[in-house]
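# Coordinate inspection notes
Listed below, chain by chain, are the residues.
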Amino acid sequence: MLAKRIIPCLDVRDGRVVMGVNFEGLNDVNSPIELADYYSRCGADELVFYDITASAEGRALFTEILKETASRVFIPLTVGGGINTLEDFDRVLKCGADKVSVNSGAIRNPGLIREAALRYGSQCVVLSADVKRVDGQFRVFARGGRDDTGMEAIAWIKRCVDLGAGEIVVNSIDTDGVKGGFDLEMLQAVCDVVKVPVIASGGAGKKEDFTELFRTIPGVDAGLAASIFHFGEVAIPELKADLRKNGILVR
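Being a predicted model, the structure only gives us computed values, none of them experimental.

### Overview of the packing of aromatic side chains
Applying the stated rule across the entire model yields five aromatic pairs. Arranged with centres 6.0 Å apart and planes meeting at 10°, the rings of Phe89 and Tyr120 form a pair that is stacked. Of this pair, Phe89 sits in helix H3 (residues 86–94) while Tyr120 sits in helix H5 (residues 111–120); the two residues are 31 residues apart in sequence, bridging distant segments of the chain. There is no split in this pair, since Phe89 and Tyr120 are both buried. Judged by centre distance (5.3 Å) and plane angle (80°), the rings of Phe182 and Phe210 are edge-to-face. Within this pair, whereas Phe182 is found in the loop between strand E10 (167–172) and helix H7 (184–191), its partner Phe210 is found in helix H8 (residues 207–216), the two being separated by 28 residues in sequence. In this structure, Phe182 and Phe210 share a single accessibility class: buried. Pairwise contacts between aromatic rings join Tyr38, Tyr39, Phe182, Phe210 and Phe229 into one cluster.

Structural data, given as structure tokens:
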């Protein structure tokens, strides 16, 4: 059995890490460079860096802050935000990313996933899916959770894996920032249709939420969280010790 991964997420706007609830009401937290350095040293398995307004603002991802952040990180770094072309993949990888996360760009052009997988390998291509319940259906949202695409999420995720996505981040808009636990129903539905690694995002509020996640859905490979790590509510070394105590393999 593969060890489960614990992944902090840096949602970056205007060069600062921000936090919100249900993708709204964003508040300033800290410098991504300082947080990245901290997480690299304190036991995080990977780090995710999202330029969360790049797609909504129709611009390329900020590269200078990314370069400086990447220079302080010695764990795998996934980067997303405003990824629309192969040139965007190339630029972000040259800034120090190990994997590239694509969301709105893939919705506009699903062929981007296949092109990127052929050029860089599937292991480099991460599909980030922002999903919310609408009329009893799991629906895909674009532009940082702003636009309902009308697409059913589970079929969309499976299609993207078939195109070459090597990893899936499932962002539950319903549970984002609420701290009531991961969206287990949504995550199970995804794990039922794909065989690539699935990362759970949205809803973590305490250590026990990670234990429940990995016990309830063994197919989930990693738990991603932001505010509980940023504000020191849960320390990653303590979280991993708690998971080991509960029989869950971690690094």
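### Some details on empty space enclosed by the protein
Within the structure shown, the criterion is met by one cavity of 30 Å³ or more. Approximately 30 Å³ is the volume attributed to the largest cavity. Surrounding the largest cavity, Ile7, Glu46, Val48, Thr78, Val126, Glu167, Val169 and Ile199 form its lining.

### Concerning the nonpolar core
The biggest cluster of nonpolar side chains holds 78 residues, and the ones touching the most others in it are Phe210 and Phe229. When residues no more than four places from it in sequence are discounted, the contact partners of Phe229 are Ile6, Ile7, Pro8, Tyr39, Phe210, Val234, Ile236 and Leu239. Counting residues in hydrophobic clusters, the runner-up holds 10 residues, among them Cys9, Ile199, Leu224 and Ala226.

### Overview of the packing of H8 against helix H10 (residues 236–245)
The N-to-C vectors of H8 and H10 enclose an angle of 45°; their axes lie 10 Å apart at closest approach. The orientation of H8 with respect to H10, classified from their angle, is oblique. Viewed along their axes, H8 and H10 form a crossing whose handedness is right-handed. Of the residues in H10, those touching H8 at Lys207, Phe210, Thr211 and Phe214 are Glu238, Leu239, Asp242 and Leu243. By residue class, the composition of the contact of H8 with H10 is four nonpolar, one polar and three charged.

Criteria and thresholds
Residues numbered from 1 in each chain as written. Predicted model: local features only at pLDDT ≥ 70, side-chain atom pairs only at ≥ 80, totals over all residues. Heavy atoms only, no water. Phe/Tyr/Trp six-rings, centres within 6.5 Å; stacked < 30°, edge-to-face > 60°. Helix = DSSP H or I, 4+ residues; strand = E, 2+ residues; numbered from the N terminus. Buried < 20%, exposed > 50% of the residue type's maximum accessible area, 1.4 Å probe, protein only. 1 Å grid on protein atoms, 1.4 Å probe; cavity = no way out; pocket = protein on both sides within 12 Å on 5 of 7 lines; lining within 4 Å. Points joined across faces, edges and corners; volume = space filled by probe spheres on them. Core = buried A, V, L, I, M, F, W, Y, C linked by side-chain atoms within 4.5 Å. Contact = heavy atoms within 4.5 Å. Axes fitted to C-alpha atoms, helices over the stretch in contact; angles between N-to-C directions. Parallel < 35°, antiparallel > 145°, perpendicular 65-115°, else oblique. Left-handed = near helix turned anticlockwise from the far one by under 90°. Nonpolar A, V, L, I, M, F, W, Y, C, P; charged D, E, K, R; others polar.

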